[in-house]
Amino acid sequence: MKIDPLYILPNFFTGASIYLGVLSITYATMGRFQLACWLVLLSLIFDGLDGRVARLTGTTSKFGVEFDSLADIVAFGVAPAMILFTYIGYMYGKLGIVVSGLYVVFGAIRLARFNVTTSQNEPNVFIGLPIPAAAVFVVSWLLLEMGYLQKYFENPKIISPFLLIASLIVALLMVSNIRYPSFKKLNFEKISFGKIIVFLMIILAILFAYPILSITILITCYVLFGPSRALYYLTKHFMEKRK
């Protein structure tokens, strides 16, 4: 039985994502937390490439979908949880263990639910916060604390309890029914090419100047968008019922 070489390419990117996740865990246990966080962000690039390459080459498969989910639980579930625990979680004893453990478990539930309901959901939304977004939120805030906050605070780990609580909230958002926008099927036909280029250049310039701060602000806005949108519609529905 011959195997199309093109099928190897997207799965190679998925395997690279897993490997980077394992490297991140390894460096976290060695105390090299910044490198561990950046490896999670690098893994995100490979995770984005595998699906797009598979769709472009027509090599999507059930194996690839399952392999991608396993990669996500390692790179965006176990790796961020280990970094979180080894950097600040251990200071809070059982609470740190519980938060890190729940983050992984809820991330696995999120992936399993996505796999069994993906054909039923709207194409432009995610039900629950995607696990890659949750991972970026955790590691970007950790990088912000390790980098920027150390310059301005004598004890930058003063926000550690808030990060732990925020990580638990993010874990809960993954298994919630709150909708988040998906950018996989954006329609660019209605947007002029010139405007897209200008917008991308501005984003790239800001990311180049303030990479960690920019990533943290962007992902925090994305995480907050879901609950804010849900609260808006709940308030609107409540007000309409009172009329």
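Throughout this description, residue numbers start from 1 for each chain and increase along the sequence as written. Local features are withheld for residues below a pLDDT of 70 in this predicted model, meaning they are given only at 70 or higher, and side-chain atom pairs are given and counted only at 80 or more; totals for whole chains, interfaces and linings count all residues. Water and hydrogen atoms play no part in the side-chain values, which are based on all heavy atoms of the structure.

As a reminder of what qualifies: UniProt positions are given in the numbering used here, feature names are shortened, and annotations may be inferred rather than shown by experiment.
The name recorded for the protein in an unreviewed UniProt entry is CDP-diacylglycerol--serine O-phosphatidyltransferase, from Helicobacter colisuis. Database annotation for the protein, UniProt heading Catalytic activity (unreviewed entry): "a CDP-1,2-diacyl-sn-glycerol + L-serine = a 1,2-diacyl-sn-glycero-3-phospho-L-serine + CMP + H(+)". Recorded under Subcellular location (unreviewed entry), the UniProt text for the protein is reproduced unchanged: "Endomembrane system".

1. Examining the UniProt feature "transmembrane region" (unreviewed entry) in the protein
We apply this condition: The helix count covers DSSP runs of H or I at least four residues long, the strand count covers runs of E at least two residues long, and both are numbered beginning at the N terminus.
In this numbering, the UniProt entry assigns the feature "transmembrane region" (unreviewed entry) to residues 7–27, 33–49, 70–89, 95–112, 124–143, 158–175 and 196–225. Each end of residues 33–49 is marked by a C-alpha atom, and these two atoms are 25 Å apart; helix forms 100% of the span and strand 0%. Helix makes up 90% of residues 70–89 and strand 0%, whereas the separation of the span's terminal C-alpha atoms amounts to 24 Å.

2. Some remarks on the packing of helix H4 (residues 94–117) against helix H5 (residues 131–146)
Here is the rule: Here, axes are lines fitted to C-alpha atoms. For helices the fit covers the stretch in contact, and angles between N-to-C directions go from 0 to 180 degrees. We call two directions roughly parallel when the angle between them is under 35 degrees, roughly antiparallel when it is over 145, roughly perpendicular when it lies between 65 and 115, and oblique otherwise. Only heavy atoms matter for contacts: two residues are in contact if any of them lie within 4.5 Å across the pair. Residues are sorted three ways: Asp, Glu, Lys and Arg are charged, Ala, Val, Leu, Ile, Met, Phe, Trp, Tyr, Cys and Pro are nonpolar, and all the rest, Gly among them, are polar.
Look at H4 against H5: their axes get within 10 Å of each other, and the N-to-C directions meet at 155°. With respect to H5, the axis of H4 lies roughly antiparallel. Two secondary-structure elements touch here, H4 through Tyr 103, Gly 107, Arg 110 and Leu 111 and H5 through Ile 131, Ala 134, Ala 135 and Val 138. Counted by class, the contact of H4 with H5 contains six nonpolar, one polar and one charged residues.

3. Some remarks on helix H9 (residues 211–242)
Here is the rule we go by: Here a helix's expected span is defined as the number of its residues, less one, multiplied by 1.5 Å. We define the bend at any residue as the angle between the axes fitted to the seven residues before and including it, ending there, and the seven starting there.
Helix length check: H9 (32 residues) gives 46 Å between terminal C-alpha atoms against 46 Å at 1.5 Å per residue, within 8%. At Phe 225, H9 is deflected by roughly 30°, the largest bend along its length, and proline Pro 227 occurs up to four residues later in sequence.

4. Here's the deal with the environment of Arg 229
Within the fold, Arg 229 resides in helix H9. Residues Arg 229 and Arg 179 lie 50 residues apart in sequence; the distance between their C-alpha atoms is 8.3 Å.

5. As for the side chain of Ser 167
Basically, it comes down to this: Burial here depends on accessible area, computed with a 1.4 Å probe over protein chains only, as a share of the maximum for the residue type. Under 20% is buried, over 50% is exposed, and the range in between is partly exposed. Polar contact criterion, stated in full: a pair of N or O atoms within 3.5 Å, where within protein one must be able to donate a hydrogen and the other to accept it, and residues adjacent in sequence count only if both atoms are side-chain atoms.
Considering the arrangement of structural elements, one finds Ser 167 in helix H7 (residues 160–174). Residue Ser 167 is classed as buried on the basis of its relative accessible area, which comes to 3%. Here the side chain of Ser 167 touches Leu 163 through a polar contact of 2.8 Å, landing on its backbone oxygen. Residue contacts for Ser 167: discarding those within four places in its chain leaves Leu 84, Val 99, Tyr 103 and Val 138.

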